[in-house]
Amino acid sequence: MAPHPPPCAANEVLWGNLCYPRIDAIRIERVGADYKFILEEVPGELLPGLADKAGDQANLHVKKAGPGFEVTITSVPHGDATDLLKQLRPDEPNLKLPD
């Protein structure tokens, strides 16, 4: 489904002022003091929002994979990683970053 204004469906997440499909395939790893996020089936329209939410120190690696993209975000500091996790999973407030 194309991005659209709220209300968002149960399988969507609000980024800015638009609803996007929820990214279901997420893996998070701790690498030293930082975090690495591996996201699959990311819609192309969401790439700028991901880059913004990941923070200034993070690096995004994008690879075309089927109808969407596989995105690896590396060097995400703890604070930015917490914000990104909350954005990706707003309906799971108790979800924590790995130790």
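Data block above holds the structure.
**Q** Would you take a moment to explain the state of the cysteines for this structure?
**A** A covalent bond between the sulfur atoms of two cysteines is referred to as a disulfide. Inspection of every chain in the model, using the stated rule, returns one disulfide. A sulfur-sulfur distance of 1.9 Å marks the disulfide that ties C8 to C19. Here C8 and C19 share a disulfide; its torsion about the S-S bond, -85 degrees, makes the bridge left-handed. With C8 in the segment before strand 1 (12–15) and C19 in strand 2 (residues 18–21), this residue pair connects regions lying 11 residues apart in the sequence.

**Q** What is the right way to read helix 2 (residues 78–88) from this model?
**A** Along an α-helix, residues three or four apart share an orientation, since each turn contains 3.6 residues. Inspection of helix 2 places A81, L84, L85, Q87 and L88 among the buried residues, and these make up the whole buried set. Along the long axis of helix 2, the arc covered by the buried residues comes to 160 degrees, so they all point the same way. The secondary structure elements touched by the buried residues of helix 2 are strand 1, strand 3 (25–31), strand 4 (34–42), helix 1 (47–54) and strand 6 (68–76).

**Q** What is the right way to look at the nonpolar core in this model?
**A** The tendency in soluble globular proteins is for nonpolar side chains to be buried side by side. Judged by nonpolar contacts, the single largest core of 21 residues is most densely connected at W15, F37, L39, V42, L50, I73 and L88. Sequence-distant contacts of L39, that is, excluding residues within four places in its chain, are made with I23, A25, I26, L50, F69, E70, V71, I73 and L88.

**Q** Looking at this structure, how should I read the side chain of R89?
**A** Mapped onto the elements of the fold, R89 is located in the segment after helix 2. Separated by 3.3 Å, the side chain of R89 and the backbone oxygen of D24 make a polar contact. When residues no more than four places from it in sequence are discounted, the contact partners of R89 are R22, I23, D24, I26 and L95.

**Q** Even after reading the chapter, I still don't get the pattern of salt bridges, so can you show me in this structure?
**A** Charged atoms that come close allow side chains of opposite charge to pair. A complete count under the given rule lists six salt bridges for this structure. In this structure, R22 engages D24 in a salt bridge whose closest nitrogen and oxygen atoms are separated by 3.3 Å. Classification of D24 as exposed rests on a relative accessible area of 60%. Residues joined by salt bridges that share partners form a network here, namely R22, D24, R89, D91 and E92.

Conventions used here
Residues numbered from 1 in each chain as written. Predicted model: local features only at pLDDT ≥ 70, side-chain atom pairs only at ≥ 80, totals over all residues. Heavy atoms only, no water. Disulfide = S-S within 2.5 Å. Helix = DSSP H or I, 4+ residues; strand = E, 2+ residues; numbered from the N terminus. Buried < 20%, exposed > 50% of the residue type's maximum accessible area, 1.4 Å probe, protein only. Arc of directions from axis to C-beta. Contact = heavy atoms within 4.5 Å. Core = buried A, V, L, I, M, F, W, Y, C linked by side-chain atoms within 4.5 Å. Polar contact = N/O pair within 3.5 Å; in protein donor to acceptor, adjacent residues only side chain to side chain. Salt bridge = Lys/Arg side-chain N within 4 Å of Asp/Glu carboxyl O.

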